[in-house]
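Summary of the model geometry
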Amino acid sequence: HLERAKRIVSYLYRFKYSKIRFRTHEPDFSDIVIPDYDWSTSTYGTVKEVIPHDVPIPLGKPVVTVSYIDANLLHCLNTGRSVTGILHFLNGTPIEWYSKKMATVETATYGAEFVSARTCVEQLVDLRTTLRYLVGVPLRDKSYLFGDNESVVNSATQPHAKLHKRHNALSFHRVREAIASGHYVFTHIPGENNPADILSKHWGYGQVWHMLKTLLMVGGETINEPGKTDNIGREQTT
């Protein structure tokens, strides 16, 4: 217990100047190429987002949700279960992070990443509904998801993709149906630029510092400073 207490104190000391700043600007995703597939002829048909009829009238500035996804296969050596790591942004501000052992044992990285993608989609459905009910936030039409497993991204975003592992079927179809609605964009990014990686694995301070400093070490009055685009939150304050 004393050794654990030392680690906690050391962590707090190292991050004593860290903070989460509110960054209200919309990230620039104009460089992202969104595939134009016709999902209407797929098994999902024409999918539409269900928006409650009694939500308040949207007011204020538009908001876009940005999410980063990752999974770590065989994280728990006792049970064989993987871990899901998800980081959600509203515009440039991180507002929710999720790091949890999966409820099932996945035998391949592909399956673990699809389970994480499904969890992220379900959280986004809840988040978008909550924002609409909470204060009538004017949401942008699309939510952006970033993952570092290119096979999963391709399988989720291409209508002609097929699943060869039956036990992943529900995660496979849940993610693809959300993308077929046109309200979710799933894009591949390199693992070294995926901040959700911090939430799914055991890292040393120096190994993830290039991502942590963009999340927790932003200075100045960021509410009025748009900053520069970057891979993490698509913004870096100078």
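Above this text is the structure in question.
Right, let's walk through the structure included here. (Residues numbered from 1 in each chain as written. Predicted model: local features only at pLDDT ≥ 70, side-chain atom pairs only at ≥ 80, totals over all residues. Heavy atoms only, no water.)

Observations regarding the overall build of the chain
Looking only at helices and strands, the chain has six helices and five strands in total. Across the chain, helices and strands are ordered from the amino to the carboxyl terminus as α-β-β-β-α-β-α-α-β-α-α. For the chain, the C-alpha radius of gyration of 19 Å lies close to 18 Å, the compact-globule estimate for 238 residues. In terms of its C-alpha atoms, the chain occupies a principal-axis envelope of roughly 55 × 50 × 35 Å. Within the chain, buried positions represent 44% of all 238 residues. The long-range fraction of contacts in the chain, counting pairs at least 24 apart against all pairs at least 6 apart in sequence, stands at 71%. When the accessible surface of the chain is summed, it comes to about 13500 Å², and 55% of that surface belongs to carbon and sulfur atoms. Taking the 27 positively charged and 24 negatively charged side chains of the chain as two groups, their mean positions are separated by 6 Å. (Helix = DSSP H or I, 4+ residues; strand = E, 2+ residues; numbered from the N terminus. Rg over C-alpha atoms; globule rule 2.2 N^0.38 Å. Buried < 20%, exposed > 50% of the residue type's maximum accessible area, 1.4 Å probe, protein only. Contact = heavy atoms within 4.5 Å. Areas by Shrake-Rupley, 256 points an atom, 1.4 Å probe, with all protein chains shown as cover. Lys, Arg positive; Asp, Glu negative; His and termini not counted. Charge placed at Lys NZ, Arg CZ, Asp CG, Glu CD.)

A word on the nonpolar core
Among the nonpolar cores identified, the biggest contains 28 residues, and Phe114, Leu145, Val175, Ile179 and Phe186 are the most heavily contacted of them. Listing elements by their share of this core, those giving two or more residues are strand 2 (83-90), helix 2 (109-135), helix 3 (150-157), helix 4 (169-180) and strand 5 (184-188). Among the elements that make up this core, the one with the highest residue count is helix 2 (eight residues). (Core = buried A, V, L, I, M, F, W, Y, C linked by side-chain atoms within 4.5 Å.)

Some words on the environment of Ala108
Among the secondary structure elements, Ala108 is positioned in the loop between strand 3 (93-101) and helix 2. By relative accessible area, which is 17% here, Ala108 ends up buried. Ala108 sits 105 residues away from Glu3 along the chain, and the two C-alpha atoms are 34 Å apart. Those residues in contact with Ala108 that sit more than four places away from it in its chain are Leu73 and Lys165.

A few points about the side chain of Ser200
Residue placement: Ser200 occurs in helix 5 (residues 197-200). Accessibility expressed as a relative area gives 1% for Ser200, which makes it buried. Within the local environment of Ser200, its side chain forms a polar contact with the side chain of Asp70, the two groups lying 2.6 Å apart. Residue contacts for Ser200: discarding those within four places in its chain leaves Asp70, Ala71, Asn72, His75, Val83 and Gly85. (Polar contact = N/O pair within 3.5 Å; in protein donor to acceptor, adjacent residues only side chain to side chain.)

Topic: unusual backbone geometry
Unlike most non-glycine residues, Leu74 shows phi in positive territory, near 55°. By secondary structure assignment, the location of Leu74 is in the loop between strand 1 (65-72) and strand 2. When its relative accessible area of 47% is taken as the criterion, Leu74 is described as partly exposed.

Describing the sheet that holds strand 4 (residues 143-147)
On the basis of which strands lie adjacent, the open sheet formed by five strands has the order 3-2-1-4-5 and mixed pairing. Of all strands in the sheet, those with a lone pairing partner are strand 3 and strand 5, marking the two edges. Across this sheet, the average inter-strand angle for adjacent strands is 20°, counted without regard to direction. This element, helix 2, spans strand 1, strand 2, strand 3, strand 4 and strand 5 of the sheet and lies at about 155° to strand 1. (Pairing = 2+ DSSP bridges. Axes fitted to C-alpha atoms, helices over the stretch in contact; angles between N-to-C directions.)

Regarding the pattern of salt bridges
On inspection of all chains with the given rule, the structure shows eight salt bridges. The salt bridge involving Asp70 is made with Lys201; its shortest N-O contact spans 2.6 Å. Here Asp70, found in strand 1, pairs with Lys201, found in the loop between helix 5 and helix 6 (209-216); they are 131 residues apart in sequence, far enough to count as distant. For the salt bridge of Glu177 with Arg174, the shortest nitrogen-to-oxygen distance reads 3.9 Å. Of this pair, Glu177 and Arg174 are both found in helix 4, three residues apart, which corresponds to roughly one turn of the helix. Its relative accessible area of 34% is what places Glu177 among the partly exposed residues. Owing to a relative accessible area of 27%, Arg174 belongs among the partly exposed residues under this scheme. (Salt bridge = Lys/Arg side-chain N within 4 Å of Asp/Glu carboxyl O.)

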